[in-house]
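Structural characterization, general
Here is how the chains run, residue by residue.
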Amino acid sequence: MAKMTMVEALNLALRQEMENDDSVVLLGEDIGPDGGVFRVTDSLIDTFGSDRVIDTPLAEAAIIGMAVGMGVHGLKPVCEIQFSGFSYQNFHQLENHAARFRWRTQGRLTVPLVMRAPYGGGVRALEHHSESREAYWAHTPGLKTVIPSGPRNARALLVAAIRDPDPVIFYESKALYRAFREEVPEKEEVGEIGKSQIIRQGDDVTIIAYGAMLQPVIRAADELQKEGLSTEIIDLLTISPLDNSLMVESITKTGRAVVVHEAPQSFGPGAEIITQLMEGAFYYLEAPIERVTGYDTIIPYFSREKDYLPNVTRIVRAAKATLQNP
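The text that follows walks through the structure, step by step, so that each part is easy to find. Just so we're clear, the structure is a prediction, and the values are computed from it rather than from any experiment.

1. Topic: the packing of helix H8 (residues 214-226) against helix H12 (residues 312-324)
Direction vectors running N to C along H8 and H12 enclose 55°, while the axes themselves pass 9 Å from each other. As summarised for this structure, H8 and H12 are arranged oblique, according to the angle between their axes. The way H8 lies across H12 gives a crossing that is right-handed. Residues Pro216, Val217, Arg219, Ala220, Glu223 and Leu224 of H8 lie in contact with H12, whose contacting residues are Val312, Ile315, Val316, Ala319 and Lys320. Looking at the contact of H8 with H12 residue by residue, the classes come out as eight nonpolar, no polar and three charged.

2. Comments concerning empty space enclosed by the protein
The full count for this structure, using the stated rule, is one cavity of 30 Å³ or more. Size it by volume and the largest cavity reaches roughly 30 Å³.

3. Brief notes about a nonpolar patch on the surface
A cluster of nonpolar side chains, contributed by Met278, Phe282, Tyr283 and Tyr284, occupies part of the molecular surface with about 510 Å² of accessible area. Within the secondary structure, tyrosine 284 sits in the loop between helix H10 (269-281) and strand E14 (290-294).

4. Some details on the layout of surface pockets
Computed from the structure, the largest pocket encloses a volume of approximately 430 Å³. Together, 20 residues line the largest pocket, and Gly122, Ala175, Met213, Arg219 and Leu309 are the ones closest to its centre. Where the lining of the largest pocket is concerned, the elements lending two or more residues are H8 and helix H11 (302-308). A breakdown of the residues in the lining of the largest pocket according to their chemical character gives eleven nonpolar, four polar and five charged.

5. A short note on the pairing of strand E2 (residues 24-28)
Of all five residues in E2, five are buried, a share of seventy percent or more. Burial along E2 is two-sided: the residues Val24, Leu26 and Gly28 and Val25 and Leu27 are all buried. In the sheet, E2 pairs with strand E4 (residues 76-80) via five bridges, with the strands oriented parallel. When the bridges of E4 are listed, glycine 28 appears paired with glutamate 80. Where E2 and strand E3 (residues 53-55) come together, three bridges link them in parallel fashion. Considered in E3, the bridge of leucine 27 is made with isoleucine 54.

6. Focus: the nonpolar core
Membership of the largest hydrophobic core comes to 91 residues, with the highest contact counts inside it found for Leu236, Val260 and Leu277. Per-element accounting of this core gives the leading share, seven residues, to helix H7 (residues 151-163). Residue contacts for leucine 277: discarding those within four places in its chain leaves Ile208, Met247, Val248, Ile251, Ala257, Phe282 and Ile289.

7. Observations regarding the pattern of salt bridges
Per the stated rule, a full pass over the model turns up 16 salt bridges. Its salt-bridge partner being glutamate 17, residue arginine 163 comes within 2.8 Å of it at the nearest N-O pair. Note that arginine 163 is positioned in helix H7 and glutamate 17 in helix H1 (residues 6-20), a separation of 146 residues in sequence. Residue class for glutamate 17 comes out buried when judged on its relative accessible area of 3%. Arginine 52 serves as the salt-bridge partner of aspartate 22, at 3.8 Å between the closest nitrogen and oxygen. Linking aspartate 22 in the loop between H1 and E2 with arginine 52 in the loop between helix H2 (44-48) and E3, this pair joins segments that are 30 residues apart in sequence. Assessed through its relative accessible area of 14%, arginine 52 is described here as buried. Through salt bridges with shared partners, one network takes in Glu17, Arg163 and Glu188.

8. Observations regarding the sheet that holds strand E5 (residues 114-119)
The seven strands lie next to each other as E3-E2-E4-E5-E7-E6-E12, forming an open sheet whose pairing is mixed. Of all the strands in the sheet, the pair left with one neighbour each is E3 and strand E12 (238-240). With strand direction ignored, the average angle separating the axes of adjacent strands in the sheet is 20°. Pairing of strand E6 (residues 144-146) with E12 involves two bridges; the strand directions are antiparallel. Its bridge partner being in E12, threonine 145 is matched across the sheet by serine 240.

9. Observations concerning the packing of aromatic side chains
This model, assessed by the stated rule, comprises nine aromatic pairs. Measuring from ring centre to ring centre gives 5.8 Å for tyrosine 88 and tyrosine 136, while their planes differ by 65°; the resulting arrangement is edge-to-face. Residue tyrosine 88 is found in the loop between E4 and helix H4 (91-98), and its partner tyrosine 136 is found in helix H6 (residues 134-138); the two are separated by 48 residues along the sequence. What makes tyrosine 88 partly exposed here is its relative accessible area of 29%. Judged by relative accessible area, tyrosine 136 falls into the partly exposed class, the value being 42%. When the ring of tyrosine 301 is compared with that of phenylalanine 302, the centres are 6.5 Å apart and the planes differ by 55°; the resulting orientation is tilted. A residue is classified by how much of its surface remains accessible, and phenylalanine 302, at 33% relative accessible area, is partly exposed. Each residue in the set Phe38, Phe83, Phe86 and Tyr177 is aromatic and connected to the rest through ring pairs, giving one cluster. For arginine 104, the ring lying beneath its charged end belongs to phenylalanine 101, and the centroid distance is 5.1 Å.

Definitions and cut-offs
Residues numbered from 1 in each chain as written. Predicted model: local features only at pLDDT ≥ 70, side-chain atom pairs only at ≥ 80, totals over all residues. Heavy atoms only, no water. Axes fitted to C-alpha atoms, helices over the stretch in contact; angles between N-to-C directions. Helix = DSSP H or I, 4+ residues; strand = E, 2+ residues; numbered from the N terminus. Parallel < 35°, antiparallel > 145°, perpendicular 65-115°, else oblique. Left-handed = near helix turned anticlockwise from the far one by under 90°. Contact = heavy atoms within 4.5 Å. Nonpolar A, V, L, I, M, F, W, Y, C, P; charged D, E, K, R; others polar. 1 Å grid on protein atoms, 1.4 Å probe; cavity = no way out; pocket = protein on both sides within 12 Å on 5 of 7 lines; lining within 4 Å. Points joined across faces, edges and corners; volume = space filled by probe spheres on them. Patch = residues over 30% accessible without salt bridge, like charges linked within 9 Å, V, L, I, M, F, W, Y side chains within 5 Å. Areas by Shrake-Rupley, 256 points an atom, 1.4 Å probe, with all protein chains shown as cover. Salt bridge = Lys/Arg side-chain N within 4 Å of Asp/Glu carboxyl O. Buried < 20%, exposed > 50% of the residue type's maximum accessible area, 1.4 Å probe, protein only. Pairing = 2+ DSSP bridges. Core = buried A, V, L, I, M, F, W, Y, C linked by side-chain atoms within 4.5 Å. Phe/Tyr/Trp six-rings, centres within 6.5 Å; stacked < 30°, edge-to-face > 60°. Lys NZ or Arg CZ within 6 Å of the ring centre and 35° of its normal.

Such coordinate-based values are descriptive only and should not be taken to indicate function.
Structure (structure tokens):
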């Protein structure tokens, strides 16, 4: 198997789905000859032409508005929003229309669109380029929200998102785009939206994360292991719908949990995760659940960005806090 970055794996997913299904079309700003701002769509226009790889104006609402119409009429549009911080311009098209068509038409019409958007910090970007606002989408009925953590699951989940009959928000961490390589099979792989994975088995504490935060969690687990502490790691992969069964099963074993995400803490995904754990595994908990998150402020510029993001030290401290609780 070839080793790929996340950018290369996403490009492979798009290429193979476009080869397999003529109804798959791409829309976005600079996704044609330029290959997208992060080069995820690199060279696809050379293969599929400008009728299927459509360079759009700088108008996010128009991109999603066109995609809604395309989806209703039998196409499978995959939209690239250059940065997730610009996706608020199309919120009304997603919330008012894409997310409601199945309900509005009593199942007669669906909107099989995907909105791809780079999210999160860690790359010294400008304002409106580093937000982690997945809670907006996860809170919206009718939308699915997928956040891969590496090249292989990004490829498999993007295929699943394209084939899904309903709208999917597909968040891609900029910090992971070229952070590492992973073996990705040439043969087709299809992920399952709504299923999480246990990345590492453990007995003392469960750490739950997704997207870019999986990497510092793995490093934190390595640090804890040096002290004889066994950590179970869950990669959510999808935050809406949320796979609470695997989380609950893990907590019934470890009795302790830490939730990690780079989104702000208040009303963030961690709050819903903790609530579901309280409802499903309350009597197995041996300590309060800890959260390691971004802060309730706009993500800062370069010199303070690393201080904002969850890191190994904060995660280890939170894990130890749960373990020290009687």
